[in-house]
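Spelled out, the chains give:
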Amino acid sequence: MKIENILDRKIPELKGSVSSKFKKFLLGAVSIAGLCLMTFVPVANSAEEDSADELKDGLENSIFDEIVVTATKRATNLQDTALSITAVGEQQMEMMSAIDFVDYVGAIPGISYTSIGATGGQLGDRNVSLRGLAATSGAPTVGFYIDETPLSFTEPKVFDVSRVEVLRGPQGTLYGASSMGGTIRVITNAPDLSGFEGKADVTYSNTRFGGNNHNINLMVNMPLVEEKMAIRMVGFTGHEEGYVDNVFTPRAQENYNDEDSVGGRISILYQPTENVTFRPAISYQKVKLENDGRFEVGRPRFQIESLLPTPNSERLILYSLDGTIDLSIGTLTSNTSYLDYDRNGKLDLTQLPTAVFGLPPTAPNENMTDQFGRTRFTQELRLTSTGEGRLQWLIGGFYSNQRGRFVQDYSPDGLSDFIEDLAGSGLPFGDDLFTLDEKSFNRQVAFFADATYSITDRFSIEAGTRWFNYNVGVHRIASGLLNGGPEDVTRESEDSGFTSLVKASFDVSEDFMVFASVSQGYRPGFATGAPPNPPCVTSPVPAGVTIQEIDPDKLLAFEIGEKATLAGGRLTVNGSIYYNEWTDVQQEQLLACGFTARTNGGKASSRGFELEISARPVDGLLLTAAASYVDAHLDGDVATLGGSVGDTLIGTNDWQIYLDATYKFAVSDGVEAYMHADFIYLGDMNFTYPNGSNGIPALDRRDGYHQLGLRAGVMMEDDLEIAIFATNVTDQVVNLGSWSFFSPLSQYTVRPRTIGLNVKKGF
């Protein structure tokens, strides 16, 4: 099959949405990349005959160095780690002009994400999944860490970040219950005891349909006590101009969804002796949206008719203390952390009185307030073996105590009196249409152990297990006409059990490893409010039920993988195939009434592959290609959500393709230049099951989409870099998530084409 036909079948957006010249350029680029990879091996074989010094020089002139990861809770080389892991390094993120998660997510094979939740797509509602295991309800299926600290998924800015590690497959033995599909770890740069350094990073850009943006980042590293203590301070501020226009008269406003962010991080490294280190840190981040960024489907591009403002904000403060002590039997590591997180927003429900009661637009109305807060204390203590013996082991314990509160209020002032004047009687609960005050807690205790034994110099066996106990509860107070009246319900549940892992790895040669694993994943159950019946007369929840008990779900995963380093280190080929069996799946789906239904959805399975290739065919040129495919579907009917055997699971895309090329070359003495391009394709995704369809395509599914990024710059010997860049070059409009709740259908998308200038200066 010709490559044109492949792209037309797998990337249909290229038809009609991209110019003929660009399509020819893309096809040419892909063809050249393929030829480079196919013809490179014999070239590299001849290079192996060159001297070691020449090979060393060639590797030093490449863009990226080898990456050391700590995914196994000990430092290992990426290619020597028997695990399906992608490490997105700091330089790669800079080349992608990445600011946060959305900007680099496409480089991670097997990942899916949406940006709309049950409350309507505010900040913090991103749903991230790996290998088809989408958490449409309940706890995340993907664990998220900043350094050693676990927290619910957020979007930290990635300035002064060493790398992002993405571990695919169940990581329950080392990382706990929320790592059923995998774990994402953001690794920040630690303070450096060796000397003073600093970095300033300034970006100015312009967004199509929007306006001018700016981001300013600053890092300072400074020793406080020679060879014993250093401090690293990071600060950032940014403004992203909105691109959605409010066309409601008299509140018409262009660029209605501005985003402002501010934050920073202070970290201290204290090493009183060679065997003891402490690293206290505090991180702060606040993001404010003038409005939540939705635009109405069916209107001219990026327009919405919003009667009232819908501002949103998100604030995160994270305190942490890491410590290590080198003992005679191993390294003792402690992590203590405290998270304080809150999110505030407003939902535009101003058309609800008209839709429900048939009232004129002059009826009293207002937005629904939406507030969510969470605090979480965690403590982990582990002892890790050291040395080069055949047996490597790790034991540890974990404790977490989380408390949350979710408050919603929709009580249009004067609405009941307005209806009474029209109809002779008011509403049964006055102006109170819906109020909710829901408090929750989640306490977990766990003990874990992992051991790897090298039977021979080439063959190793690893076994790990984790015992856990959790206790969760919710106290729900709700009222209002849309809630069917008042309720005051408390539910608690407790469970304990084990998750385990068995893995074998074999070094076929010094540069070629194969591995296979069988592992388990687990998510705790929970209690949640049920959609009211009425008005959700089609709801799967019987009338009178106000709270639901959702059971735990479990995963059994099988994987075979390989890692190959070829051509003297100039070519790496990493791949894996997997099969997952998922039982008692916790699922959630948007109902036509606007509320969500949650249930345990029987059985499901996912299978697929991932392939990552990196090549340095000549000095200064790095080519990267990654592809993944997942087939995730139901193995049993889920009648309550309209799902049948064979239906594709909600919230997961099938194909993913990532292509990346960077070329670095000398311009003159002390001046180097580079050119970079990255291409991302994410495949189709379903938001509902076929028989649970709302009859509105945008609410049911998202078509696959692609994005192209370009960057070019110069680097000077005084550590000055100047670059121009463009993101979303083809200006794709992507349905990241749609929403309709007594209002016109609206959706969220990625930022339109943005072109800018970036200047970095080290000192």
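Residues numbered from 1 in each chain as written. Predicted model: local features only at pLDDT ≥ 70, side-chain atom pairs only at ≥ 80, totals over all residues. Heavy atoms only, no water.

### Let's talk about helix α9 (residues 415-423)
Of the positions making up α9, those classed as buried are L415, S416 and I419. Here the buried residues of α9 occupy an arc of 95° about the axis, which is enough to place them on one side. Backbone geometry just after α9 places G424 at a positive phi near 95°. (Buried < 20%, exposed > 50% of the residue type's maximum accessible area, 1.4 Å probe, protein only. Helix = DSSP H or I, 4+ residues; strand = E, 2+ residues; numbered from the N terminus. Arc of directions from axis to C-beta.)

### Re the packing of aromatic side chains
With the rule as written, the count across this model stands at 16 aromatic pairs. On the basis of an interplanar angle of 90° and a centroid distance of 5.1 Å, the ring pair of F295 and F302 is categorised as edge-to-face. Both residues of the pair, F295 and F302, count as buried. The interplanar angle of 40° and the centroid separation of 4.3 Å between the aromatic rings of F468 and Y522 together place this pair among those described as tilted. On the criterion of sequence distance, the pair formed by F468 in strand β23 (residues 459-479) and Y522 in strand β25 (residues 512-523) is long-range, its members being 54 residues apart. Classification of F468 by relative accessible area gives buried; the value is 9%. K73 extends its terminal NZ or CZ atom over the ring of Y175, reaching a point 4.7 Å from the ring centre. (Phe/Tyr/Trp six-rings, centres within 6.5 Å; stacked < 30°, edge-to-face > 60°. Lys NZ or Arg CZ within 6 Å of the ring centre and 35° of its normal.)

### Here we look at the nonpolar core
Soluble globular proteins: nonpolar side chains tend toward being buried together. Counting residues in each nonpolar core, the largest one holds 55 residues, and the members touching the most others are Y104, Y113, V164 and I184. Leave out the neighbours within four places in its chain, and Y104 touches M93, M96, A98, V158, V164 and V186. (Core = buried A, V, L, I, M, F, W, Y, C linked by side-chain atoms within 4.5 Å. Contact = heavy atoms within 4.5 Å.)

### A closer look at the pairing of strand β34 (residues 655-668)
For strand β33 (residues 621-634) and β34, the ladder comprises nine bridges, and the chain directions are antiparallel. Residue pairing across strands places A626 opposite Y658, the latter belonging to β34. In this antiparallel pair of consecutive strands, β34 and strand β35 (residues 671-682), the connection spans two residues, and G670 shows a positive phi of 80°. (Pairing = 2+ DSSP bridges.)

### A word on the sheet that holds strand β9 (residues 182-188)
Note: strands within a sheet are paired through backbone hydrogen bonds, in either parallel or antiparallel orientation. Spatial strand order, β3-β8-β9-β6-β7: five strands in an open sheet with mixed pairing. Of all strands in the sheet, those with a lone pairing partner are β3 (85-89) and β7 (149-150), marking the two edges. Both strand β6 (residues 142-146) and β7 contribute to a ladder of two bridges, which runs antiparallel. Looking at the pairing, I146 lines up with T149 of β7.

### Some thoughts on the environment of N257
Positionally, N257 belongs in the loop between β13 (245-246) and β14 (259-273). Using a relative accessible area of 6% as the deciding quantity, one classes N257 as buried. Residues in contact with N257, not counting those within four places in the same chain, are E240, G242, Y243, V244, E290, N291 and G293. Separated by 2.9 Å, the side chain of N257 and the backbone nitrogen of V244 make a polar contact. (Polar contact = N/O pair within 3.5 Å; in protein donor to acceptor, adjacent residues only side chain to side chain.)

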